[in-house]
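Structure assessment
The chain contents come next:
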Amino acid sequence: MSLRPLRRAAVVLTAALTALLALAAPAAAHGADAPDGTNYRAAVIELSPAPPGLTARMVEAGARLELTNHTGRDVEVIGYSGEPYLRIGPGGVYENTRSPATYLNRTIAADTQLPPQADPAATPTWQRISAGPTARWHDQRTLWLESAPPPQVTADPAREQQVRAWVVPLRTGDQPIEVRGTLDWVPPPDAYPWWVAATLGFLLIGAAGLVPAGSTAGTRSLRAAGALLAAGGLATVALTVGRALDAGAAGAGGVLLELVSGQVWTLLTGLGALAAGGYALARREAADFALALAGACLALFAGVANLAVLSRSVVPVLWPAGLARVLVTVILATGAGAVAAGVLRLHAASRAARHTPGDPRPTATLAR
């Protein structure tokens, strides 16, 4: 029995699974409630006083405040009405189920309806939510929640300026502690040059599909498109790692856990592009189809999903925003270009097969 039908079935099944996983991406991607980009930069300035072993920082492009406690004593985070909200200490992280902040901070928009038991004047009821020494939460005191910019920004949007200073109160025993920070407006970048670069890259890669598949130049074009798609896959993996680090992941184990729990679908899209690129480099059967499918997933679920990076000044990666824009531009160009190249080659192969009667293997031209 020929293995060719089995191979084709495997390709189709792999494609279907890839598409199914990719379509599930948006639902999983919003679980962390982190923005893809913003023009408001929240930053921790200091802890006052600063006990040794207690640290605070902003993560997820400023969407969450992170507090890590290695002091050996419990530290309480005070809610919006002066009530105990979180307790972080040697026993782990606990939240007060009677604090309104417990429910308001579950979304960045603070739009959760308060349950009847939410009462800041009631005796705290502590529920353990983590065994570690670190808590991360949306704190409305550090965010700008209005849809319109503040008046001073509206008056001069081209200038970087402070929106306000903020304070999040803490307490350890009877000692008050303050996390002090600022919320600044950072003017957005011009997205036009990045769109031009992505469009030129798309046209250049897509042109590989115009070279006759049966020629030496066609083989080289296929390999070049595959190599560039693999580069887009690497850019996607780098972007997901950057987002994991910005979400507060620390160490190899922490990064891997964040990738699996919060960035898994984008990561799989990047790995799929790497695999399809290798498939094209090896000139395997149905390489053109793999090129087009993986390119579509890359462009949509790693490129379009991160478009805000091109037009926002603060983006959810640990490194400079300019590098993130380069990565997204590479992803868009290689993904869309691979789609164009793959579709053009498939179309040319289909036309050649229709005009070559008696050829028992019309699909053999697909990977040449």
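Cut-off values and rules
- Residues numbered from 1 in each chain as written.
- Predicted model: local features only at pLDDT ≥ 70, side-chain atom pairs only at ≥ 80, totals over all residues.
- Heavy atoms only, no water.
- Pairing = 2+ DSSP bridges.
- Helix = DSSP H or I, 4+ residues; strand = E, 2+ residues; numbered from the N terminus.
- Axes fitted to C-alpha atoms, helices over the stretch in contact; angles between N-to-C directions.
- Buried < 20%, exposed > 50% of the residue type's maximum accessible area, 1.4 Å probe, protein only.
- Contact = heavy atoms within 4.5 Å.
- pLDDT = per-residue confidence, 0-100.

1. Considering the sheet that holds strand 1 (residues 40-48)
With antiparallel pairing, seven strands are arranged side by side in an open sheet as 1-10-9-4-5-6-7. Among the strands making up the open sheet, the edge pair consists of strand 1 and strand 7 (126-130). Averaged over all pairs of adjacent strands, the angle between their axes in this sheet comes to 30°, without regard to strand direction. Across two bridges, the pairing between strand 4 (residues 75-78) and strand 9 (residues 161-172) is antiparallel. The partner of glutamate 76 across the bridge, within strand 9, is arginine 171.

2. Here we look at the environment of alanine 273
Among the structural elements, alanine 273 can be located in helix 8 (residues 264-281). Taking relative accessible area as the criterion, alanine 273 reaches 0% and is therefore assigned buried. Leaving out residues up to four positions away in the same chain, alanine 273 has contacts with Leu229, Ala230, Gly233, Ala294 and Leu298.

3. A closer look at the pairing of strand 4
On strand 4, burial covers both faces: Val75 and Val77 on one face and Glu76 and Ile78 on the other are all buried. In this sheet, strand 5 (residues 84-89) lies alongside strand 4 in antiparallel orientation, the contact comprising four bridges. Bridge assignment links valine 75 to a residue of strand 5, and that residue is isoleucine 88. Between strand 4 and strand 5, which pair antiparallel in sequence order, lie five residues; one of them, glycine 82, sits at a positive phi of approximately 85°.

4. Some thoughts on the confidence of the model for the protein chain
Close inspection of predicted coordinates is inappropriate in any region flagged by low pLDDT. Taken over all residues, the pLDDT of the protein chain has a mean of 86, while the share at 70 or more is 87%. Taken element by element, the protein chain is modelled with least confidence in helix 2 (residues 25-29), mean pLDDT 30, and with most confidence in strand 4, mean pLDDT 98. Segment residues 16-32: pLDDT under 50, and 13 contacts once partners within four positions in sequence are set aside and those in other chains are kept. Note that pLDDT drops below 50 for residues 361-368; the model gives that stretch 24 contacts with residues more than four away or on any other chain.

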